[in-house]
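Residues per chain are reported as follows:
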Amino acid sequence: MSNVQYKNPKGLFDPTLYAFSHSTTASGKGSYVFISGQSGGEGLDHQLSTDFRMQVKAALQNLNTVLKASGLTTDDVLKITILIVDHDQEKLKIWIEEMKKVWVKDQFPASTLIPVPKLALDGMLIEVDAVAFKKL
């Protein structure tokens, strides 16, 4: 989307190593799309793998499904919030690796990662919500 600007001020560390941008700005005529938290559940029966990486992949795929339903792609995402159960550096490494597979241009949305002790359903290890901008 040509009307999105990614800003990483020189006075701050390079966040692209961690798969996010310090800020994103959308301009022009359009509308914001707010996407509810997408879990790592797979399929219509919402099967949850016990493997964190599998849940990350599923959560990102679920996010893509919601984006496509609004005619959007990950290029349109301005901000994400990630909730990770029992967060640690290994889980962060997995998250970054999988983000870089989805955001292949290294133009990442602004991001907040929040470690949590538990999510809505037993077995949920990750939840990702997003704000996107749909240009008219």
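Notes on the structure follow. (Residues numbered from 1 in each chain as written. Predicted model: local features only at pLDDT ≥ 70, side-chain atom pairs only at ≥ 80, totals over all residues. Heavy atoms only, no water.)

1. Re the nonpolar core
The biggest cluster of nonpolar side chains holds 26 residues, and the ones touching the most others in it are I80, W95, M99, I126 and V128. Where this core is concerned, the elements lending two or more residues are β3 (30-39), α1 (52-69), β6 (77-85), α2 (89-102) and β8 (126-135). Of all the elements, α1 adds the most residues to this core, at six residues. (Core = buried A, V, L, I, M, F, W, Y, C linked by side-chain atoms within 4.5 Å. Buried < 20%, exposed > 50% of the residue type's maximum accessible area, 1.4 Å probe, protein only. Helix = DSSP H or I, 4+ residues; strand = E, 2+ residues; numbered from the N terminus.)

2. Overview of the sheet that holds strand β7 (residues 110-116)
Sheet architecture is open: four strands sit in the order β3-β8-β6-β7, paired in mixed fashion. The open sheet has two edge strands, β3 and β7, and neither has a second partner. Here the strands of the sheet are splayed against their neighbours by 10° on average, with no regard to which way each runs. Of the strand pairs in this sheet, β3 and β8 are connected by eight bridges, and their pairing is antiparallel. Residue pairing in the sheet places Y32 in a bridge with F133 of β8. (Pairing = 2+ DSSP bridges. Axes fitted to C-alpha atoms, helices over the stretch in contact; angles between N-to-C directions.)

3. So, the packing of aromatic side chains
According to the stated counting rule, one finds three aromatic pairs in the structure shown. Look at F13 and F20: their rings are 6.2 Å apart centre to centre, the planes differ by 70°, and that puts the pair in the edge-to-face class. A residue is classified by how much of its surface remains accessible, and F20, at 17% relative accessible area, is buried. Geometrically, the ring pair formed by Y32 and F133 is edge-to-face, given 5.1 Å between the ring centres and 65° between the ring planes. (Phe/Tyr/Trp six-rings, centres within 6.5 Å; stacked < 30°, edge-to-face > 60°.)

4. A closer look at the packing of α1 against α2
Contact pair α1 / α2: the axes reach a minimum separation of 10 Å and the direction vectors enclose 35°. Seen along the crossing, α1 lies across α2 with a hand that is right-handed. Contacts from F52, R53, V56, K57, L60 and N64 in α1 reach K91, I94, W95, E97, E98, M99, K101 and V102 in α2. Along the lines of polarity and charge, the residues of the contact of α1 with α2 split into seven nonpolar, one polar and six charged. (Left-handed = near helix turned anticlockwise from the far one by under 90°. Contact = heavy atoms within 4.5 Å. Nonpolar A, V, L, I, M, F, W, Y, C, P; charged D, E, K, R; others polar.)

5. Side note on α1
Taking 1.5 Å per residue as the helical rise, α1 with its 18 residues ought to reach 26 Å, and the 26 Å between its terminal C-alpha atoms agrees with that figure. Taken together, the buried positions of α1 are occupied by F52, Q55, V56, A58, A59, L60, N62, L63, N64 and L67. One side-chain oxygen at the N-terminal end of α1 lies 3.3 Å from the backbone nitrogen of R53; it belongs to D51. Positive backbone phi, at 75°, marks G71, one or two positions downstream of α1. (Expected span 1.5 Å × (residues − 1). Polar contact = N/O pair within 3.5 Å; in protein donor to acceptor, adjacent residues only side chain to side chain.)

6. Brief notes about α2
The periodicity of an α-helix, 3.6 residues per turn, causes residues three or four places apart in sequence to face the same way. The end-to-end C-alpha separation of α2 is 20 Å, in line with the 20 Å expected for 14 residues at 1.5 Å each. If you check which residues of α2 are buried, you get K91, L92, I94, W95, I96, E98 and M99. The inward-facing, buried residues of α2 abut α1, β6, β7 and β8. By the N-cap criterion, in which a side-chain oxygen at the helix start approaches the backbone nitrogen of a residue two or three places on, α2 is capped by D88, the distance to E90 being 3.2 Å.

7. Here we look at a nonpolar patch on the surface
A cluster of nonpolar side chains, contributed by L12, F13, L17 and Y18, occupies part of the molecular surface with about 430 Å² of accessible area. When you line up the elements, L12 lands in the loop between β1 (4-7) and β2 (23-26). (Patch = residues over 30% accessible without salt bridge, like charges linked within 9 Å, V, L, I, M, F, W, Y side chains within 5 Å. Areas by Shrake-Rupley, 256 points an atom, 1.4 Å probe, with all protein chains shown as cover. Salt bridge = Lys/Arg side-chain N within 4 Å of Asp/Glu carboxyl O.)

Limitation: the analysis is restricted to geometry and does not speak to function.
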